[in-house]
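Each chain is listed here by its residues.
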Amino acid sequence: MISLSAELAKAHHLLATMGEHLPVDDRPDHVRHRDAYRRWSEQFPVPGDALVTAAPGFPGLAVTTPASVAGRALLYFHGGGYTEGSAYNHREVGARLASASRSTVYLPDYPLAPEHPFPAALDAAVAAYRALLDAVPANRIAVGGDSAGGGLSLALLLKLKDLALPLPAAAVPVSPWTDLTVSAPSFAERAERDPFVSREALRGFAAGYLGDHDPRDPFASPLFGDLTGLPPIHLEVGTEEVMIDDSRRFHERALAAGVASALVETEGAPHIWQHFVSFLPEAAASVDRIGAFVREHVA
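This report concerns the structure included in the present document. Remember, predicted model here, so these are calculated numbers, not experimental data.

Quick word on the packing of helix 4 (residues 120-133) against helix 5 (residues 148-162)
The interhelical angle for the contact between helix 4 and helix 5, taken along N-to-C directions, is 70 degrees, at an axis separation of 10 Å. Relative to helix 5, the element helix 4 is oriented roughly perpendicular. Note on packing geometry: the crossing formed by helix 4 with helix 5 is right-handed. Of helix 5, the residues touching helix 4 (which contributes A121, L122, A125, V126 and Y129) are L152, A155, L156, K159 and L160. Tallied by class, the residues present in the contact of helix 4 with helix 5 amount to nine nonpolar, no polar and one charged.

As structure tokens, then:
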């Protein structure tokens, strides 16, 4: 176990104690966990200069700040194992990314499992991208997301290629879940280091999302897709995540396919550490890197 700074230790603690926000009632567990994630996210206030409005043409939110440039868009998908999470939970992250990337950040609310199993989330992602294309050309769009949302953003690239739709200019997945077989060595190697995610939890999420569907379907697990022709990709992952191999292996396969892929591993960082940008220097640095990559590739 590495030595953590006070700020990183606080981030680990906040993730480990998310369950303290779980309401006690007789609703199904996945519904109560959605409430817990929402309540937990409310401790990270949206910057006062951010404007949050309804997204145009699809369910979700649009976030701008004074730094946002008209005509530059980041379509960013929330995480939550395809079972929980929402655009609302990512308002602060969206605002920080809007300033760093000088763009409008669009946060889709895609349908959640188990009520809406695969491919409902991917179909909604395609619909959101199509709606965005009505206002912004593809070369002015980047896509991204964290955790399941990061995997969804990469599955979206493969689906757009399959549909012969114009691809976005760049992708910025954060700790993406790229392999729903949940079989990478890091799930065992980092089981005692990750304060938030476990192999068992992800297997439950995968079962709820996929049912009997093949987890190696590239539109669910983009690690297994044909990655040739994808736009430049910038991946961020923390060294304490059980999912770190999902980023490493995707990065390696992207490079082998001729894709311009960059991978940054942040020492000591847990899953979705970008939520802690208000106090964590490593989170601010990650958001700045993502923003710079979007600005570089989205004219």
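Let's talk about the pattern of salt bridges
In the structure shown here, the tally under the stated rule is 11 salt bridges. Put simply, E240 and R193 hold a salt bridge, and the shortest N to O gap is 2.9 Å. Of this pair, E240 sits in the loop between strand 7 (233-238) and helix 8 (244-256) while R193 sits in the loop between helix 6 (186-189) and helix 7 (199-210); the two residues are 47 residues apart in sequence, bridging distant segments of the chain. Using a relative accessible area of 1% as the deciding quantity, one classes E240 as buried. Because the salt bridges share partners, they merge into one network encompassing D25, R27 and D35.

A word on the nonpolar core
With 55 residues, the main nonpolar core has L75, Y82, L156 and W177 as its most contacted residues. Elements supplying a minimum of two residues to this core: strand 3 (73-77), helix 4, strand 5 (141-146), helix 5, helix 7, strand 7 and helix 8. Setting aside residues up to four positions removed in sequence, L75 forms contacts with F58, Y106, P108, A128, Y129, L132, A142, V143, G144 and L156. L15, V63, L74 and V174 belong to the second-largest nonpolar core, a separate cluster that totals 38 residues.

What about the environment of H21?
Among the structural elements, H21 can be located in the loop between helix 1 (6-16) and helix 2 (29-41). A C-alpha to C-alpha distance of 6.3 Å links H21 and W40, two positions 19 residues apart in sequence. Excluding anything up to four places from it in sequence, H21 contacts A36, R39, W40 and Q43.

Comments concerning the environment of H30
By secondary structure assignment, the location of H30 is in helix 2. When the C-alpha atoms of H30 and T83 are compared, they prove to be 6.9 Å apart, with 53 residues separating the residues in sequence. Setting aside residues no more than four positions away along its own chain, H30 makes contact with T83, P114 and E115. Side-chain polar atoms of H30 contact the side chain of E115, separated by 3.3 Å.

Scoring rules and cut-offs
Residues numbered from 1 in each chain as written. Predicted model: local features only at pLDDT ≥ 70, side-chain atom pairs only at ≥ 80, totals over all residues. Heavy atoms only, no water. Axes fitted to C-alpha atoms, helices over the stretch in contact; angles between N-to-C directions. Helix = DSSP H or I, 4+ residues; strand = E, 2+ residues; numbered from the N terminus. Parallel < 35°, antiparallel > 145°, perpendicular 65-115°, else oblique. Left-handed = near helix turned anticlockwise from the far one by under 90°. Contact = heavy atoms within 4.5 Å. Nonpolar A, V, L, I, M, F, W, Y, C, P; charged D, E, K, R; others polar. Salt bridge = Lys/Arg side-chain N within 4 Å of Asp/Glu carboxyl O. Buried < 20%, exposed > 50% of the residue type's maximum accessible area, 1.4 Å probe, protein only. Core = buried A, V, L, I, M, F, W, Y, C linked by side-chain atoms within 4.5 Å. Polar contact = N/O pair within 3.5 Å; in protein donor to acceptor, adjacent residues only side chain to side chain.

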